[in-house]
Amino acid sequence: TSSRLTSLTRGPYSVVNDEDIQFFNKVLEGRVITDKDELESHNTDWLKTVKGNSQVLLRPKTTEEVSAIVKYCHDRYLAVVPQGGNTGLVGGSVPVFDEVIISTQLMNNIISINPVSGALICQAGCILETLDSHVQEHGLTMPLDLGAKGSCHIGGNVATNAGGIRLLRYGSLHGTVLGLEAVLPDGEIMDCLTPLRKDNTGYDLKQLFIGSEGTLGIITKVSILCPQKPNAVCVALLGCESFQKVLDIFVACKSHLGEIMSAFEFMDSQTMQLVKENLSMTSPLVDYPFYTLVECSGSNGTHDEEKLTKMLQAVMDDGAALDGTVATDSTKIYNIWALRESCASALMKDGYNYKYDVSLPLEHFYTLAEVMRERVKNHAIRTVAYGHVGDGNLHLNFTTAEYCPATMALIEPFIYDWVAKHRGSISAEHGLGFKKRQFIYHSKTPSAVALMATIKKAVDPRGIMNPYKVLPEVTNGENES
Ligand code: FAD
Ligand code: S2G
Ligand code: ZN
């Protein structure tokens with residue numbers, strides 16, 4: 001755990017006792033985990049950089065069970081942390097001290113799919129990949145896709161307002177989520193679960209929960225708009241000599257491909273080297289300083305392939321691209337995507353991963369990687385840059401064999417100051433969680449943060465819902481009276 005934790009004191013919350021465990025067992029019929037070994041993976045984040053010490057993991061199956069246990073925790077002044085697939089990358093999904101972990105793991109029922117409107121209603125614990133395969137049987141696709149799809153829950157996706165590789169095409173969850181059901185910090189059930197695309201009756205409360213990272217309540221059901229499944233998908237991997245050429249290719253794709261472009265990602269050469277070295281992956285292209293991955297998803301494969309090939313010809317002719325390959329069969333498409341989607345796992349093989357997920361104006365986008373690579377130099381095994389160029393979202397990562405305070409001191413707060421100075425966001429899609437909350441002022445004004453704290457206080461006056469996360473100042477609720 002980074003040094004930050006040492007300066008944090010546990011809030012004045014109650015400590016779980018035997019009576020509490022008895023109550024939880026009465027409500028959850030044995031779906032109460034207190035075994036230390038079983039708790040281990042739920043107490044540790046995916047990056048293995050933050051570790052809590054919860055003594056109990058609860059596995060409810062229904063909204064009513066969640067409501068009963070949250071009401072009990074509220075009355076007993078027990079802090080809780082909602083947990084989905086535990087793939088979050090900012091330490092938001094694990095306890096900081098001994099918060100009760102409430103997992104959506106067993107809340108995985110699909111409630112309804114409307115193949116005409118595309119509205120899917122499901123429980124929050126449905127795994128994204130499972131949902132995607134399910135809705136595909138109805139000619140639909142999920143409006144988001146991310147490397148963690150095999151483990152992340154749709155409730156966690158909504159709670160973190162996850163972006164991912166399809167945001168360029170289908171937009172953010174603030175647009176595709178139609179409705180939510182959530183359990184509030186006092187156990188009340190907020191039912192805003194509607195499959196309607198339009199509903200202008202009062203404040204749009206679901207928007208508050210999208211991106212709230214578990215600090216306002218536990219999302220128990222999601223209603224989301226699933227687009228038509230594309231009939232044809234093709235992918236191109238191109239090699240080029242500079243980041244400026246990456247942007248030139250992006251502009252060419254926008255004009256040649258238009259609405260069929262469904263993803264535009266980039267990787268620098270150090271990233272390609274990383275996945276080759278750490279995961280023995282192979283690239284269909286020889287080495288280049290930069291790579292772009294372009295995906296088209298349309299209704300007519302022949303037309304799409306024609307457009308993609310024409311685009312490829314154009315960028316080769318004008319020298320934007322030095323080389324390129326087009327994939328139309330699913331295996332080749334899968335292998336090209338695997339290069340990009342394996343970055344996170346490849347980084348973990350080095351040891352400790354300092355992970356930064358920032359938005360930047362495209363004119364400054366790759367400069368940060370160059371500045372940081374120079375600054376960190378031989379204090380890291382490597383510095384790699386990849387990400388969702390189409391969204392202006394850079395993923396910048398550094399690794400050392402184990403956590404090194406000297407390396408961290410070279411990175412933070414410099415990287416956040418640089419991003420703020422260049423009018424970027426210090427967290428594009430992963431959220432603030434525990435690890436980044438004290439940098440919120442790099443991207444939000446004090447009055448905005450104060451309003452967030454007012455909302456948090458109004459919704460969670462006792463501060464039991466995921467304390468120590470997202471907002472820096474919010475104390476740990478009222479003192480026990
Ligand atoms: P968890 O990690 O369990 O929780 C995340 C946060 O949401 C925590 O604060 C938790 O308290 C809260 N939470 C979880 N469930 C609920 C609920 N039901 N109600 C209320 N709060 C809840 N993220 C992106 O945005 N884009 C990417 O491209 C992307 N790629 C990734 C690739 C890999 C390999 C990995 C490991 C992660 C990636 N992520 C990405 C980060 C992560 O997968 C997302 O943040 C994801 O949405 C988290 O879902 P989860 O179910 O794992 O949530
Ligand atoms: C991605 C998650 C992993 C990382 O790959 O798009 O959002 O390494 C990221 O940051
Ligand atoms: Zn990402």
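Everything numeric in this text was worked out from a predicted model, so none of it was measured.

In the numbering used here, UniProt assigns the feature "domain: FAD-binding PCMH-type" (unreviewed entry) to residues 50–229. A distance of 38 Å separates the end C-alpha atoms of residues 50–229, which is 23% helix and 22% strand.

Let's shift gears to the pattern of salt bridges. Here the structure, examined in full by the defined rule, presents 22 salt bridges. Put simply, Glu259 and Lys307 hold a salt bridge, and the shortest N to O gap is 3.7 Å. With Glu259 in the loop between helix H9 (243–257) and strand E11 (261–268) and Lys307 in helix H11 (residues 301–317), this residue pair connects regions lying 48 residues apart in the sequence. For Lys307, a relative accessible area of 30% translates into the label partly exposed. One salt-bridge network, held together by shared partners, links Asp132, Asp145, Lys149, Arg166 and Glu341.

So, on to the side chain of Asp20. Examined against the element boundaries, Asp20 turns out to sit in helix H1 (residues 18–28). A polar contact is formed between the side chain of Asp20 and the backbone nitrogen of Asn17, at a distance of 2.8 Å. Within the structure, the side chain of Asp20 is placed 2.4 Å from the side chain of Tyr72, a separation counted as a polar contact. The residues contacting Asp20, other than those within four sequence positions of it, are Val15, Tyr72, Arg76 and Leu78.

All right, on to the coordination of the zinc ion (ligand 3) then. Within the protein, the atoms that donate to the zinc ion (ligand 3) are His388 (NE2), His395 (NE2) and Glu429 (OE), at distances of 1.9 to 2.2 Å. On the primary sequence, the residues serving as donors to the zinc ion (ligand 3) are separated as H-x6-H-x33-E. With His395 in strand E16 (residues 393–400) and Glu429 in the loop between helix H16 (414–421) and helix H17 (446–459), the pair connects residues that are 34 residues apart, well separated along the chain. For His395, a relative accessible area of 6% gives the class buried.

This paragraph deals with H1. By the burial criterion, the buried members of H1 are Asp20, Ile21, Phe23, Phe24, Val27 and Leu28. Take H1 and look down its axis: the buried residues cluster within an arc of 160 degrees, on one side only. Seen from the buried face of H1, the exposed residues on the opposite side, beyond 90 degrees, are Asp18, Glu19, Gln22 and Lys26. In this structure, the buried residues of H1 make contact with strand E1 (32–33), strand E2 (57–58) and helix H3 (63–76). After H1 finishes, the residue Glu29 shows a positive phi value of roughly 40 degrees.

Turning our attention to the sheet that holds strand E10 (residues 232–240). Strand order in the open sheet formed by seven strands is E13-E10-E12-E11-E15-E16-E14, with antiparallel pairing between adjacent strands. What marks the edges here is a single partner per strand, and that holds for strand E13 (323–327) and strand E14 (352–359). Direction aside, the axes of adjacent strands within the sheet are offset by 15 degrees on average. Packed on one face of the sheet, H16 meets E14 and E16 and runs near 10 degrees to E14.

A few words on the sheet that holds strand E9 (residues 218–225). The strand order across the open sheet built from five strands is E5-E6-E9-E7-E8, with neighbouring strands paired in antiparallel fashion. For this open sheet the edge positions go to strand E5 (110–114) and strand E8 (189–192), each flanked by a neighbour on one side alone. The average undirected angle you get between the axes of adjacent strands in this sheet is 10 degrees. As paired elements, E5 and strand E6 (residues 119–123) share four bridges and run antiparallel to each other. Note that in E6 the partner of Ser112 across the bridge is Ile121. Against the sheet, helix H4 (residues 128–136) contacts E5 and E6, and its axis sits at roughly 40 degrees relative to E5.

What counts, and at which threshold
- Residues numbered from 1 in each chain as written.
- Chains lettered and ligands numbered in written order.
- Predicted model: local features only at pLDDT ≥ 70, side-chain atom pairs only at ≥ 80, totals over all residues.
- Heavy atoms only, no water.
- UniProt positions renumbered as here; feature names shortened; annotations may be inferred.
- Helix = DSSP H or I, 4+ residues; strand = E, 2+ residues; numbered from the N terminus.
- Salt bridge = Lys/Arg side-chain N within 4 Å of Asp/Glu carboxyl O.
- Buried < 20%, exposed > 50% of the residue type's maximum accessible area, 1.4 Å probe, protein only.
- Polar contact = N/O pair within 3.5 Å; in protein donor to acceptor, adjacent residues only side chain to side chain.
- Contact = heavy atoms within 4.5 Å.
- Donors = N, O, S within 2.8 Å, 3.2 Å for Na, K, Ca; no water.
- Arc of directions from axis to C-beta.
- Pairing = 2+ DSSP bridges.
- Axes fitted to C-alpha atoms, helices over the stretch in contact; angles between N-to-C directions.

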